[in-house]
Amino acid sequence: MSVCRARSLALKGIDAEPVEVEVDVSSGLPGFSIVGLPDAAVQEARERVRVAVTNSGFKFPTKKVVVNLAPANLRKAGAAFDLPIALGILAASGVIPPEKLAGFAVCGELSLDGGLRPVRGALSMAEGARSAGMGAMLMPERNAAEAASGGTPVYGIESLTRAVEFLRGEIEVEVTESEPYDCGPEKDEPCGTPDFSDVAGQAYAKRALEVAAAGGHNVLLSGPPGSGKTMLASRLPGILPPLTLPESIEVTKVYSAAGLSPGEGLIRRRPFRAPHHTISTSGLSGGGSNPRPGEVSLAHNGVLFLDEFPEFGRGTLEVLRQPLEDGVVRIARVAATTSYPARVMLVCSMNPCPCGYAGDAKKRCRCTAGQIERYQARVSGPLLDRLDLFVDVPRPRREELRGDSPGESSAGIRGRVLGARQLQQKRQGGPNSALFGRDLRRECRLGDEAEALLAGAIDRMNLSGRSHDRVLRVARTVADLAGSEGISVEHLAESLSYRRSHLVAV
């Protein structure tokens, strides 16, 4: 009897937990079984591994082969266990030294000719290997650049044959080095992104988006068809600050867990996700039999843009309430609960009524009061209460549409946004949208005049406790854009103006 062990990792959410692959090759009727709570993809590894080993020029043992994936109570999903199973069988057969295999964490999907395909969650696995004290990672070459930032030495290989030769010491494979991460604005200036100078007029909406970008606030754009709501939102990525290294690692882990990582190292641009309004609840929040991140997690540390906001299913929208408050999505299943990060900047756009022309100065609205009320009621009050800025986007004037002078470019707006974000990072270590509790009270102190203005606004505008805090956060951002240490009456008045809309009670 010969038992060999290989070490691997199982993806759970965006984290990875260590798994020991135990291989027993013994006398008996020829057979190949895998135990340890494997899913269908892991069970199918029996055929992939058998054919890949044979086509790579090695002899598959004509004995009883049993593979155990420990711990047995952890669900194993995906094809990442192909390579450790194959190497464990070859070690048990005497093809490679078992002690060499023990020095690596191994993952990779095998093709039938013995080549290696990339796997999901490579960066998470590298971080998991470091946390578990595993010496190095052996994985597909196309995953190596991504995993190199995980803090564990990574050896990228392209086939099962090369893996065997490397473990035998017949060839050398260089450790994949992580690329230096520079989040300076001159390195990450968005290229190819639509520019704000293309938008005719809409100075008020542009200012609101500048405030939203500077503090990471949620915003709702409302106006008639063709007023430029989608055009404005699509230009928002061009004024956002670059991802920091910790943010970039988090975003890359989410995309890698979803199988959407580009495989070229860390993602350096803030995500911008714009799902269609027919999206399902699981598509937005995440889920499935083997849970995957949804759109709200794929927009983590970036922008989630919901165009035609009321057209989304009400139940679908309601799943955003908890992530917008906590910054995390928790998907509960019978077997386990999976968590995905979801700190997003939510940007929504909508028409004011079914026909789209309520309040328009040029075109008469054909909707009844009941139709308008029912249309706006598709978005619940608790969800609206989680938005910071309500911006009415009117139809642009003829002079603005035909004017020769372009508006301010994204580069100019981005410079002010970066300056405000740097102030916030230095002062409290994060954007103003993350201010809560005593930190909010400390950073948003008001003078006597501003206090009087806010006291009157609470009664007049019927502000809830959550709305009150959001007004203060936006006022703090307006003050940061102005380079002011304190919040003045002017800063607070601008913040309050962003809650004067037909969508909120005044």
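See the structure shown above.
Residues numbered from 1 in each chain as written. Predicted model: local features only at pLDDT ≥ 70, side-chain atom pairs only at ≥ 80, totals over all residues. Heavy atoms only, no water.

Draft legend 1. Just the overall build of the chain, in detail. Tallying secondary structure elements over the chain gives 22 helices and 18 strands in all. Overall size of the chain, expressed as C-alpha extent along the three principal axes, is 85 × 45 × 45 Å. The buried share of the chain, taken over its 506 residues, is 52%. Sequence separation of 24 or more characterises 74% of the internal contacts of the chain that already satisfy a separation of 6 or more. The chain carries 61 positive and 59 negative side-chain charges, and their two centres are separated by 5 Å. (Helix = DSSP H or I, 4+ residues; strand = E, 2+ residues; numbered from the N terminus. Buried < 20%, exposed > 50% of the residue type's maximum accessible area, 1.4 Å probe, protein only. Contact = heavy atoms within 4.5 Å. Lys, Arg positive; Asp, Glu negative; His and termini not counted. Charge placed at Lys NZ, Arg CZ, Asp CG, Glu CD.)

Draft legend 2. Main features of the pattern of salt bridges. Under the counting rule described, the total for this entry stands at 32 salt bridges. Taking the shortest distance from any N to any O, the salt bridge between Arg378 and Glu311 comes out at 3.3 Å. One end of the pair, Arg378, is in the loop between helix H15 (369-376) and helix H16 (381-384); the other, Glu311, is in the loop between strand E14 (303-306) and helix H13 (314-318), with 67 residues separating them in the sequence. On the basis of relative accessible area, Arg378 is assigned to the partly exposed category, the value being 36%. (Salt bridge = Lys/Arg side-chain N within 4 Å of Asp/Glu carboxyl O.)

Draft legend 3. Looking closely at a negative patch on the surface. On the surface, Asp448, Glu449, Glu451 and Glu490 cluster together into a patch of negative charge. If one sorts the elements of the negative patch by residue count, helix H20 (residues 448-460) sits on top with three residues. In this structure, Glu449 sits in helix H20. (Patch = residues over 30% accessible without salt bridge, like charges linked within 9 Å, V, L, I, M, F, W, Y side chains within 5 Å. Areas by Shrake-Rupley, 256 points an atom, 1.4 Å probe, with all protein chains shown as cover.)

Draft legend 4. Spotlight on the packing of helix H21 (residues 465-481) against helix H22 (residues 489-497). Axis separation between H21 and H22 bottoms out at 8 Å; the angle between their running directions is 125°. Considered as vectors, H21 and H22 are oriented oblique to each other. Pair H21 / H22 crosses with right-handed handedness. When H21 is examined against H22, the residues Val471, Val474, Ala475, Val478 and Ala479 are found in contact with a partner set consisting of His491, Leu492, Glu494, Ser495 and Leu496. Its residues assigned to classes, the contact of H21 with H22 shows seven nonpolar, two polar and one charged. (Axes fitted to C-alpha atoms, helices over the stretch in contact; angles between N-to-C directions. Parallel < 35°, antiparallel > 145°, perpendicular 65-115°, else oblique. Left-handed = near helix turned anticlockwise from the far one by under 90°. Nonpolar A, V, L, I, M, F, W, Y, C, P; charged D, E, K, R; others polar.)

Draft legend 5. Fine view of the nonpolar core. Counting residues in hydrophobic clusters, the biggest one holds 47 residues, and the most contacted among them are Phe32, Val49, Val67, Ile85, Leu87, Leu138 and Leu160. If you tally residues by element for this core, the top one is helix H3 (residues 82-92), at eight residues. Those residues in contact with Leu138, other than ones at most four positions away along the chain, are Leu83, Leu87, Phe104, Ala105, Val106, Cys107, Tyr155, Ile157, Ala163, Phe166 and Leu167. Leu123, Ile279, Ile331 and Leu387 belong to the second largest nonpolar core, which has 39 residues in total. (Core = buried A, V, L, I, M, F, W, Y, C linked by side-chain atoms within 4.5 Å.)

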